[in-house]
Amino acid sequence: MSSSLAQKWVLITGASAGFGAAAARAFGAAGARLLLGARRLEKLAAVAAQARDAGAPQALYHALDVTQTASVTAFADWVRALAGRVDVLVNNAGGAHGLDPVEQGRDSDWETMFQTNVLGTLRMTRAILPLMKPHPGGIIINIGSIAGREAYEGGAAYCAAKAGVLQITRALRLELLGTGLRVATVDPGLAETEFSLVRFKGDRARAAKVYQGMTPLTAEDVAEAIVWVAARPPHVCVDELLIKPTDQAAMHKIHRRPPA
Ligand code: NDP
Ligand code: 8X3
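How each quantity is defined
Position numbers for residues start from 1 in each chain and track the written sequence from start to end. Ligands are numbered from 1 and chains lettered from A, in the order in which they are written. Given that the model is predicted, a residue must reach a pLDDT of at least 70 before its local features are reported, and side-chain atom pairs must reach 80 or more before they are shown or counted; all residues, however, enter totals for whole chains, interfaces and linings. Computation of side-chain values: all heavy atoms of the structure, hydrogens and water removed. Strands are runs of DSSP state E lasting at least two residues, helices are runs of H or I lasting at least four, and both sets are numbered from the N terminus onward. Each residue gets one of three labels from its accessible area relative to the maximum for its type: buried under 20%, exposed over 50%, partly exposed in between, using a 1.4 Å probe on protein chains only. The nearness test applies per residue and asks whether one of its heavy atoms lies within 4 Å of the molecule or strand. Within 3.5 Å is the distance limit for a polar contact, defined as a pair of N or O atoms, with the added protein rule that one can donate a hydrogen and the other accept it, and that residues adjacent in sequence qualify only through two side-chain atoms. The Shrake-Rupley method, run with a 1.4 Å probe, gives the accessible areas here. Residue values count only the displayed protein chains as cover. Only protein atoms enter the 1 Å grid used here, on which a cavity is any set of points holding a 1.4 Å probe that cannot leave and a pocket is any open set flanked by protein within 12 Å on both sides along at least five of seven lines; residues with an atom within 4 Å of a point are listed as lining. Placement in a cavity or pocket follows one criterion, namely that more than half of the molecule's atoms lie within 2 Å of its grid points. Polar here means any residue outside two lists: the nonpolar Ala, Val, Leu, Ile, Met, Phe, Trp, Tyr, Cys and Pro, and the charged Asp, Glu, Lys and Arg; Gly therefore counts as polar.

1. Regarding unusual backbone geometry
In step 1: Positive phi is not limited to glycine here, since Gln-7 has a value of about 70°.
In step 2: Here Gln-7 shows up in the segment before β1 (9–13).
In step 3: Even without glycine at this site, Lys-201 takes up a positive phi of about 55°.
In step 4: A relative accessible area of 48% means that Lys-201 is categorised as partly exposed.

In structure tokens, the structure reads:
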């Protein structure tokens, strides 16, 4: 058990699947108390049970849609009433929608990507900061992406959104200097979760192709990195962490093995 996280209150957005669910289990194993949010409540309930099995003294969950200010406010009110403080905020909710070139891009995809990744991170941080500021040593961890650092065809809006998340992280780091609060970004490369299934609107064959012939990161790999960043001592801030599969040297430079 990582004793520095024992009994700490850890809030994770997008905790019903992928990195968020794996992070809930990993923080639970470190003895942290969990506040989990997402839209799919039945999945959140299952993740909360897994986190308790892993060792979390408490794993609480509540509906959260980061695209709606009213939902974020209701979630923050719930956190204030139950925990009264937050030590670790993981702004993870987000994802990609579509892989169309700009010429064929859809407003609905663009708007969802900015509402979740960019505005969701801003709204959550604004709502939760008052519960963190009285407790120096806390940390905000934003989940960015390699896509915020390198562009690719069809990724204009997603890359722009994740570049936006990176700049939010950097601005917050400056704004919170002197408060004792830390701000970090964890930026993964290709990781096999529900991410591509969501991007390709449920097309499983197309989603599977993204990882064909290479070994992607797992949700657990990324969760381990998130927990490591959170568990550093209060005087240490891992500002920016880029984590990629060994088979991915750069966005377009991926080693794929031929089918057996
Ligand atoms: P998943 O699709 O597996 O999980 C996404 C999570 O976000 C789900 O729990 C989903 O829950 C939640 N979510 C989506 N929209 C909302 C919303 N409006 N309000 C609240 N929660 C929401 O993807 P990943 O775990 O892979 O992605 C997590 C983060 O990591 C995202 O920000 C993604 O952009 C980023 N990322 C992913 C990479 C990858 O290759 N997988 C690489 C780099 C970054 P629900 O639907 O129940 O609301
Ligand atoms: C997810 C990684 O390369 O699919 O952020 O955009 S990528």
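2. Details of the site of ligand 2
In step 1: In the region of ligand 2, the neighbouring residues are Ser-145, Ala-147, Tyr-152, Tyr-158, Leu-190, Phe-195 and Met-251.
In step 2: One of the side-chain N or O atoms of Tyr-152 is found 2.7 Å from an oxygen atom in ligand 2.
In step 3: Measuring from an oxygen atom of ligand 2, one finds a side-chain N or O atom of Tyr-158 at 2.7 Å.
In step 4: Expressed as a share of its isolated accessible area of 240 Å², the protein-covered part of ligand 2 is 89%.
In step 5: The site holding ligand 2 turns out to be the largest pocket.
In step 6: Partitioning the shell around ligand 2 into residue classes produces 6 nonpolar, 1 polar and no charged.

Interpretation in functional terms is not warranted from these geometric data alone.
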